[in-house]
Amino acid sequence: MSYLFPFIVPDVIAPVLTGLDLWDPAAEKLVLGTALVESGLRRSRQMGGGPARGIFQMEPATFKDIERYLLKPGKLDLRARAAKNCIGDPFDFGELAGNDFLAAAFCRLKYLPDPHPLPDPDDIEGLAAYWKRTYNSPLGA
(Lines give C-alpha, C1' and ligand atoms only; values in the text may rest on other atoms or scores of the structure.)
Protein backbone atom coordinates (compact mmCIF):
# COMPACT_ATOMS: atom_id res chain seq x y z
CA MET A 1 0.00 0.00 0.00
CA SER A 2 1.08 3.55 -0.62
CA TYR A 3 2.94 5.55 1.98
CA LEU A 4 0.00 8.01 1.88
CA PHE A 5 -2.57 5.55 3.19
CA PRO A 6 -2.08 6.10 6.96
CA PHE A 7 -2.09 9.88 6.54
CA ILE A 8 -4.65 10.58 3.84
CA VAL A 9 -7.78 10.44 6.03
CA PRO A 10 -6.71 12.32 9.19
CA ASP A 11 -4.37 14.76 7.45
CA VAL A 12 -6.18 15.46 4.18
CA ILE A 13 -9.67 14.04 3.67
CA ALA A 14 -11.24 14.71 7.08
CA PRO A 15 -9.94 18.32 7.36
CA VAL A 16 -10.98 19.15 3.80
CA LEU A 17 -14.47 17.71 4.21
CA THR A 18 -14.84 19.46 7.56
CA GLY A 19 -13.72 22.78 6.05
CA LEU A 20 -16.27 22.37 3.27
CA ASP A 21 -18.92 21.55 5.91
CA LEU A 22 -19.46 18.25 4.05
CA TRP A 23 -17.95 15.75 6.48
CA ASP A 24 -19.79 12.67 7.55
CA PRO A 25 -18.57 9.07 7.88
CA ALA A 26 -20.04 7.97 4.54
CA ALA A 27 -18.52 10.93 2.68
CA GLU A 28 -15.12 10.23 4.24
CA LYS A 29 -15.24 6.58 3.19
CA LEU A 30 -16.52 7.48 -0.28
CA VAL A 31 -13.67 9.94 -0.89
CA LEU A 32 -11.06 7.52 0.47
CA GLY A 33 -12.51 4.69 -1.59
CA THR A 34 -12.42 6.88 -4.68
CA ALA A 35 -8.69 7.53 -4.22
CA LEU A 36 -8.01 3.86 -3.59
CA VAL A 37 -9.82 2.65 -6.68
CA GLU A 38 -8.78 5.49 -9.00
CA SER A 39 -5.06 5.62 -8.23
CA GLY A 40 -4.27 3.24 -5.39
CA LEU A 41 -3.04 6.42 -3.64
CA ARG A 42 0.04 6.17 -5.83
CA ARG A 43 -0.40 8.08 -9.06
CA SER A 44 -0.91 11.80 -9.48
CA ARG A 45 -0.87 11.60 -13.30
CA GLN A 46 -2.81 9.17 -15.45
CA MET A 47 -0.88 6.19 -16.70
CA GLY A 48 -0.37 6.17 -20.45
CA GLY A 49 -0.23 9.95 -20.69
CA GLY A 50 -3.96 10.58 -20.27
CA PRO A 51 -5.38 13.85 -18.97
CA ALA A 52 -6.45 12.75 -15.46
CA ARG A 53 -4.63 14.30 -12.50
CA GLY A 54 -4.39 13.82 -8.76
CA ILE A 55 -4.89 10.79 -6.56
CA PHE A 56 -8.57 10.90 -7.55
CA GLN A 57 -7.67 10.82 -11.28
CA MET A 58 -9.95 13.72 -12.21
CA GLU A 59 -10.13 14.78 -15.83
CA PRO A 60 -10.17 18.42 -17.03
CA ALA A 61 -13.80 18.29 -18.21
CA THR A 62 -14.94 17.03 -14.79
CA PHE A 63 -12.94 19.77 -13.07
CA LYS A 64 -14.61 22.40 -15.28
CA ASP A 65 -18.06 20.92 -14.60
CA ILE A 66 -17.46 21.30 -10.85
CA GLU A 67 -16.30 24.89 -11.33
CA ARG A 68 -19.55 25.65 -13.23
CA TYR A 69 -21.59 23.88 -10.53
CA LEU A 70 -20.02 26.13 -7.89
CA LEU A 71 -21.14 29.23 -9.83
CA LYS A 72 -24.81 28.26 -9.69
CA PRO A 73 -27.16 30.25 -7.45
CA GLY A 74 -26.94 29.00 -3.90
CA LYS A 75 -23.48 27.47 -4.37
CA LEU A 76 -21.30 30.56 -3.98
CA ASP A 77 -20.86 29.97 -0.24
CA LEU A 78 -19.63 26.47 -1.03
CA ARG A 79 -17.29 27.94 -3.65
CA ALA A 80 -15.90 30.34 -1.02
CA ARG A 81 -15.41 27.46 1.45
CA ALA A 82 -13.59 25.48 -1.25
CA ALA A 83 -11.30 28.44 -1.95
CA LYS A 84 -10.63 29.01 1.76
CA ASN A 85 -9.89 25.37 2.59
CA CYS A 86 -7.63 24.44 -0.31
CA ILE A 87 -3.94 25.17 -0.44
CA GLY A 88 -2.94 26.98 -3.62
CA ASP A 89 -5.29 28.07 -6.39
CA PRO A 90 -8.48 26.04 -5.99
CA PHE A 91 -9.52 26.67 -9.58
CA ASP A 92 -6.34 25.57 -11.36
CA PHE A 93 -6.64 22.07 -12.81
CA GLY A 94 -2.86 21.77 -13.02
CA GLU A 95 -2.61 21.82 -9.23
CA LEU A 96 -4.50 18.53 -8.84
CA ALA A 97 -1.37 16.49 -9.54
CA GLY A 98 0.43 17.70 -6.43
CA ASN A 99 -2.27 19.16 -4.22
CA ASP A 100 -4.14 16.40 -2.37
CA PHE A 101 -6.21 18.99 -0.47
CA LEU A 102 -7.59 20.45 -3.69
CA ALA A 103 -8.02 16.99 -5.18
CA ALA A 104 -9.99 15.76 -2.12
CA ALA A 105 -12.22 18.84 -2.20
CA PHE A 106 -13.02 18.45 -5.87
CA CYS A 107 -13.57 14.72 -5.42
CA ARG A 108 -16.24 15.38 -2.78
CA LEU A 109 -17.73 18.22 -4.82
CA LYS A 110 -18.10 15.88 -7.80
CA TYR A 111 -20.60 13.81 -5.81
CA LEU A 112 -22.77 16.73 -4.64
CA PRO A 113 -25.08 17.07 -7.66
CA ASP A 114 -26.13 13.43 -7.34
CA PRO A 115 -29.70 13.48 -6.00
CA HIS A 116 -29.37 10.20 -4.10
CA PRO A 117 -28.43 10.17 -0.41
CA LEU A 118 -25.05 8.71 0.48
CA PRO A 119 -25.22 5.05 1.46
CA ASP A 120 -24.60 3.93 5.01
CA PRO A 121 -20.85 4.26 5.77
CA ASP A 122 -20.60 0.50 6.37
CA ASP A 123 -22.32 -0.38 3.08
CA ILE A 124 -19.21 -0.95 0.96
CA GLU A 125 -21.20 -2.26 -2.00
CA GLY A 126 -23.51 0.74 -1.81
CA LEU A 127 -20.57 3.15 -1.69
CA ALA A 128 -18.98 1.35 -4.65
CA ALA A 129 -22.21 1.61 -6.63
CA TYR A 130 -22.47 5.31 -5.75
CA TRP A 131 -18.88 5.83 -6.98
CA LYS A 132 -19.55 3.92 -10.19
CA ARG A 133 -22.75 5.81 -11.00
CA THR A 134 -21.54 9.27 -10.06
CA TYR A 135 -17.75 9.44 -10.36
CA ASN A 136 -16.72 6.79 -12.84
CA SER A 137 -19.90 6.40 -14.97
CA PRO A 138 -21.31 3.17 -16.35
CA LEU A 139 -19.00 3.53 -19.37
CA GLY A 140 -15.79 3.88 -17.32
CA ALA A 141 -13.22 1.16 -16.82
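Heads up: the structure comes first, above all this text.
Residues numbered from 1 in each chain as written. Predicted model: local features only at pLDDT ≥ 70, side-chain atom pairs only at ≥ 80, totals over all residues. Heavy atoms only, no water.

**Observations regarding the overall build of the chain**
Helices and strands together make up the secondary structure of the chain, namely six helices and zero strands. Its helices and strands in sequence order give the chain the pattern α-α-α-α-α-α, from N to C terminus. Computed over the C-alpha atoms, the radius of gyration of the chain is 14 Å, within 12% of the 14 Å expected from 2.2 N^0.38 for a compact globule of 141 residues. C-alpha atoms of the chain, sized along the principal axes, occupy 35 × 35 × 30 Å. (Helix = DSSP H or I, 4+ residues; strand = E, 2+ residues; numbered from the N terminus. Rg over C-alpha atoms; globule rule 2.2 N^0.38 Å.)

**A short note on the nonpolar core**
Ile8, Ile13, Phe56, Phe106 and Leu109 are the most contacted members of the largest nonpolar core, which totals 39 residues. Among the elements of the structure, helix H1 (5-19), helix H2 (25-39), helix H3 (60-69), helix H4 (76-85), helix H5 (100-111) and helix H6 (124-136) are those that each provide at least two residues to this core. Per element, the largest residue contribution to this core is eight residues, and it comes from H5. When near neighbours in sequence (up to four residues on either side) are disregarded, Ile13 contacts Ile8, Glu28, Val31, Leu32 and Ala104. (Core = buried A, V, L, I, M, F, W, Y, C linked by side-chain atoms within 4.5 Å. Buried < 20%, exposed > 50% of the residue type's maximum accessible area, 1.4 Å probe, protein only. Contact = heavy atoms within 4.5 Å.)

**Considering H2**
Relative to the 21 Å expected for 15 residues at 1.5 Å per residue, H2 spans 21 Å between its end C-alpha atoms, a close match to the ideal helical length. Those residues of H2 that sit buried are Ala26, Ala27, Glu28, Leu30, Val31, Leu32, Thr34, Ala35, Glu38 and Ser39. The opening residue of H2, the one whose side-chain oxygen lies 2.9 Å from the backbone nitrogen of Ala26, is Asp24. Residue Gly40 follows H2 closely and has a positive phi angle near 65°. (Expected span 1.5 Å × (residues − 1). Polar contact = N/O pair within 3.5 Å; in protein donor to acceptor, adjacent residues only side chain to side chain.)

**A word on the pattern of salt bridges**
Counted under the stated rule, the structure contains five salt bridges. For Asp65, the salt bridge is made with Arg68, and the minimal N-O distance between the two is 2.4 Å. With Asp65 and Arg68 both in helix H3, this residue pair falls three residues apart, about one helical turn. (Salt bridge = Lys/Arg side-chain N within 4 Å of Asp/Glu carboxyl O.)

**A look at the layout of surface pockets**
Taken as a whole, the largest pocket holds about 280 Å³ of empty space. The class makeup of the residues in the lining of the largest pocket is four nonpolar, four polar and four charged. Within this model, the second largest pocket holds a volume of roughly 190 Å³. In terms of lining residues, the second largest pocket is bounded by Lys29, Leu30, Leu32, Gly33, Thr34, Val37, Ile124, Leu127, Ala128 and Trp131. (1 Å grid on protein atoms, 1.4 Å probe; cavity = no way out; pocket = protein on both sides within 12 Å on 5 of 7 lines; lining within 4 Å. Points joined across faces, edges and corners; volume = space filled by probe spheres on them. Nonpolar A, V, L, I, M, F, W, Y, C, P; charged D, E, K, R; others polar.)

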